[in-house]
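This is what each chain is made of:
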Amino acid sequence: DGGITQSPKYLFRKEGQNVTLSCEQNLNHDAMYWYRQDPGQGLRLIYYSQIVNDFQKGDIAEGYSVSREKKESFPLTVTSAQKNPTAFYLCASSRGGSENTIYFGEGSWLTVV
Amino acid sequence: QQQVKQSPQSLIVQKGGISIINCAYENTAFDYFPWYQQFPGKGPALLIAIRPDVSEKKEGRFTISFNKSAKQFSLHIMDSQPGDSATYFCAASIKGYQKVTFGIGTKLQVIP
């Protein structure tokens, strides 16, 4: 089955620790994205990548970092500089083109205590 | 700056009723307008989409109405069912650009 796999589904970390969320896609999509979802704030774009070895900051990139070494993989690191990291994180991908449909993973819940 | 304004943020509809969610955009360069449906604890999934060269698109009980001159589009859910209870996001994008702009979302609850 083609799709986007995020892991882990649930993650607990102590304040001050960095944590990396995994995202793998087998849809052969060029573009990949990371969104953060908080209640009442919709989907906020953290980073996106249009091609391997290239990525751009989204609307709320501070305190996050990404890499895109392979087409299939786009991991997100939540650093200790992120002031309020507890949230639901969604990875997504798209083929691009004239109808840019975004395909989302199942999400990762990060709780920082 | 919110480029796609979505309303209402929450909606309660009785079973069998019509659910209506509205979105308005500012950027006239947008040329693709999808709607996504998200169930609790899951990622959003594409529900239905429209391009600005048509005024309406229907798929089953779901219809998008598009008003290009008013820069507005809306989702209508006919004969709403409890299984439709979810959060709905409108979105907009421009051909050739990877970044997609989402509305803030509408939490729909369909009560029996």
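Conventions used here
- Residues numbered from 1 in each chain as written.
- Chains lettered and ligands numbered in written order.
- Predicted model: local features only at pLDDT ≥ 70, side-chain atom pairs only at ≥ 80, totals over all residues.
- Heavy atoms only, no water.
- Helix = DSSP H or I, 4+ residues; strand = E, 2+ residues; numbered from the N terminus.
- Polar contact = N/O pair within 3.5 Å; in protein donor to acceptor, adjacent residues only side chain to side chain.
- Contact = heavy atoms within 4.5 Å.
- Pairing = 2+ DSSP bridges.
- Axes fitted to C-alpha atoms, helices over the stretch in contact; angles between N-to-C directions.
- Salt bridge = Lys/Arg side-chain N within 4 Å of Asp/Glu carboxyl O.
- Buried < 20%, exposed > 50% of the residue type's maximum accessible area, 1.4 Å probe, protein only.
- Phe/Tyr/Trp six-rings, centres within 6.5 Å; stacked < 30°, edge-to-face > 60°.
- Lys NZ or Arg CZ within 6 Å of the ring centre and 35° of its normal.

1. Observations concerning the side chain of A:Thr79
Residue and element names in this part refer to chain A. Within the secondary structure layout, threonine 79 lies in the loop between strand E8 (76-78) and strand E9 (87-94). Polar side-chain contacts of threonine 79 include one of 2.9 Å to the backbone oxygen of glycine 63. For threonine 79, the contacting residues outside a window of four places in its chain are Asn18, Gly63, Tyr64 and Ser65.

2. A look at the sheet that holds strand E1 (residues 4-7) of chain B
Residue and element names in this part refer to chain B. In spatial order, the strands read E1-E3-E8-E7-E6; together these 5 strands make up an open sheet with antiparallel pairing. The sheet is open, and its two borders are formed by E1 and strand E6 (56-59), each paired with just one other strand. Geometrically, the sheet is characterised by an average inter-axis angle of 15° between neighbouring strands, direction not taken into account. Inspection of the sheet shows strand E7 (residues 62-67) paired to strand E8 (residues 72-77) by 6 bridges, in the antiparallel sense. Opposite phenylalanine 62, over in E8, you have isoleucine 77 as the bridge partner.

3. Concerning the pattern of salt bridges
For side chains bearing opposite charge, pairing can occur when the charged atoms are close. Evaluated as defined, the whole model comprises 7 salt bridges over all chains. Residues A:Arg44 and A:Asp38 are paired through a salt bridge, measuring 2.8 Å at the closest nitrogen-oxygen approach. Its relative accessible area of 23% is what places A:Arg44 among the partly exposed residues. Of the charged contacts, one joins B:Lys99 and A:Asp59 as a salt bridge, the two residues approaching to 3.5 Å between their closest N and O atoms. Remark: A:Asp59 occurs in the loop between strand E6 (54-57) and strand E7 (64-66) and B:Lys99 occurs in the loop between strand E9 (86-92) and strand E10 (101-102); the pair is interchain, linking two chains. Assessed through its relative accessible area of 35%, B:Lys99 is described here as partly exposed. Ionic contacts of the salt-bridge type, sharing partners, join the residues A:Arg36, A:Asp38 and A:Arg44 into one network.

4. Concerning the packing of aromatic side chains
All names here are of chain A. Within this structure, the stated rule accounts for 20 aromatic pairs over all chains. For the ring pair tyrosine 35 and phenylalanine 104, a centre distance of 5.7 Å and an interplane angle of 50° mean the geometry is tilted. A residue pair is termed long-range when its members are at least 10 positions apart, and tyrosine 35 in strand E4 (residues 31-37) and phenylalanine 104 in strand E10 (residues 103-104) qualify at 69 residues. No difference in accessibility class separates tyrosine 35 from phenylalanine 104, as the two residues are buried. A cation sits over an aromatic face here: arginine 68 above phenylalanine 74, 6.0 Å from the ring centre.

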